[in-house]
Structure formats: structure tokens, C-alpha cells
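Commentary on secondary and tertiary structure
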Amino acid sequence: MMFDIINSIARALLTVLIVYKLIRFHDMMIAPERMGLGLMASGSMMTVPIIWEGTRSPFDGWAVSVMTIGAVVFLAGRTWRDRKHQRANDRQVAYWEAHKAGKRGI
């Protein structure tokens, strides 16, 4: 019973944090990151009724699957954004190194 309460509170907090991040930092994330976070929040909330029912339901695996897919989509989007950012930084560094060497552009 105590584990159920702790787990439910943790799931609710996780969902609230994800919703806050989606609202507050919406413009700083790309679409796959936002979609992944949304799936993670919905999967997290879908597990709460399963915890309190105490019986198997068709949504047992579905809730965990949605949350897992959300995590994968979020991390893939985050990796994509980080790599894109790194490439832009590399291009900027190459431009300024060429500029310092007197080549005025690439």
C-alpha cells in the first residue's frame, strides 16, 4: 500500500514536471523532443490506475510501451538537436579560423 502511494505520487510529479517543461521551454525544443515528452507524460499517467486496480488489464503493457516509446523519441530528438548544434559550432569555428588567417570566408 505504501509503495502504491509513493509510486502514484512519483508518477503524478513526473507528469507535472514534463508538462511544466513543455510549457516553459516549448520554443527551445524541436518537435521530436516535444512529442517524446508528451508520450512519456501520458504513459506515466496511464500507469496510475493500473497500480491502484491491482489486477492485470490490457493497458499494463500499453502504458509502459507508450512511456518507453516517448523516451526513445525524446532522446533521439535530443541527440539530433545536439548534433545539429555541434555542426553549426564547428562551421562557426572554421569560419573564424579562416577569417583570422586572412582568407575572408569559406
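Every chain's residues receive numbers from 1 upward, in the order its sequence appears when written. Per-residue local features of the predicted model are confined to residues with pLDDT of at least 70, and side-chain atom pairs are confined, for both listing and counting, to 80 or more; whole-chain, interface and lining totals are unaffected and use all residues. As a convention, hydrogens and water are excluded, and side-chain values are obtained from all of the structure's heavy atoms.

So, the pattern of salt bridges
The line we're drawing: Here, a salt bridge means any side-chain nitrogen of Lys or Arg that lies within 4 Å of a carboxyl oxygen of Asp or Glu. Think of it this way: any DSSP run of H or I at least four residues long counts as a helix, any run of E at least two long counts as a strand, and we number them from the N terminus. Exposure is judged per residue with a 1.4 Å probe applied to protein chains only, and the accessible area is read against the type maximum: over 50% gives exposed, under 20% gives buried, and values in between give partly exposed.
On inspection of all chains with the given rule, the structure shows 2 salt bridges. Glu 33 is paired through a salt bridge with Arg 81; the nearest N and O atoms lie 2.9 Å apart. Taken together, the residues Glu 33 in helix 2 (residues 31–53) and Arg 81 in helix 3 (residues 59–100) connect sequence positions 48 residues apart. Glu 33 sits in the buried class, given a relative accessible area of 0%. With a closest N to O distance of 3.6 Å, Asp 82 and Arg 78 form a salt bridge. You can see Asp 82 and its partner Arg 78 sitting in helix 3, 4 residues apart, about one turn around the helix. For Asp 82, a relative accessible area of 39% translates into the label partly exposed.

Details of helix 1 (residues 2–24)
Here is the rule we go by: Under the convention used throughout, the expected extent of a helix is 1.5 Å for every residue step, that is, one less than its residue count. We call two residues contacting when some pair of their heavy atoms lies within 4.5 Å.
Between the first and last C-alpha of helix 1 there are 33 Å, a value that for 23 residues agrees with the 33 Å anticipated at 1.5 Å per step. For helix 1, the full list of buried residues reads Asn 7, Ser 8, Thr 15 and Ile 18. On the buried face of helix 1, the contacting elements are helix 2.

Some remarks on the packing of aromatic side chains
Selection criterion: We call Phe, Tyr and Trp rings a pair once their centres come within 6.5 Å, taking the six-membered ring for Trp, and we label the pair stacked below 30 degrees between planes, edge-to-face above 60, and tilted otherwise.
Using the criterion set out here, one finds 2 aromatic pairs in the structure. Centroid distance Tyr 20 to Phe 25: 6.4 Å. Interplanar angle 90°. Geometry classified as edge-to-face. Classification of Tyr 20 as partly exposed rests on a relative accessible area of 49%. Seen in terms of ring centroids, Tyr 95 and Trp 96 are 5.1 Å apart; in terms of plane orientation they differ by 80°. Their pairing is edge-to-face. The exposure class assigned to Tyr 95 is partly exposed, which follows from its relative accessible area of 32%. By relative accessible area, Trp 96 is classed as partly exposed at 43%.

Concerning the environment of Ser 65
Examined against the element boundaries, Ser 65 turns out to sit in helix 3. Residues Ser 65 and Arg 87, spaced 22 residues apart in sequence, show a C-alpha to C-alpha distance of 33 Å.

A short note on the confidence of the model for the chain
Defined as follows: By definition, pLDDT measures how confident the predictor is in each residue, and it falls between 0 and 100.
A residue-level look at the chain finds 96% of positions with pLDDT of 70 or above and a mean pLDDT of 88. The secondary structure element of the chain with the lowest average pLDDT is helix 2, at 88, and the one with the highest is helix 3, at 92.

Let's talk about a positive patch on the surface
Selection rule: Each patch is built from salt-bridge-free residues with over 30% relative accessible area, joining like charges within 9 Å and nonpolar side chains (Val, Leu, Ile, Met, Phe, Trp, Tyr) within 5 Å. Residue exposure ignores everything except the shown protein chains as possible cover, and the areas themselves are Shrake-Rupley values with a 1.4 Å probe. In summary, the charge assignment counts Lys and Arg as positive and Asp and Glu as negative, without counting His or the chain termini. Taken as the charge location is NZ of Lys, CZ of Arg, CG of Asp or CD of Glu.
A surface patch of like charges, here positive, comprises Arg 83, Lys 84, Arg 87 and Arg 91. Positionally, Arg 83 belongs in helix 3. The exposed category is assigned to Arg 83, whose relative accessible area is 56%.

A few points about the side chain of Ser 44
Stated formally: The definition of a polar contact used here is a pair of N or O atoms within 3.5 Å, where within protein one atom must be able to donate a hydrogen and the other to accept one, and adjacent residues in sequence count solely through side-chain atom pairs.
The topology assignment puts Ser 44 in helix 2. Overall, the relative accessible area of 0% leaves Ser 44 in the buried class. Separated by 3.2 Å, the side chain of Ser 44 and the backbone oxygen of Arg 11 make a polar contact. Non-local contacts of Ser 44, meaning those with residues more than four positions away in its chain, are made with Arg 11, Leu 14, Thr 15 and Met 67.

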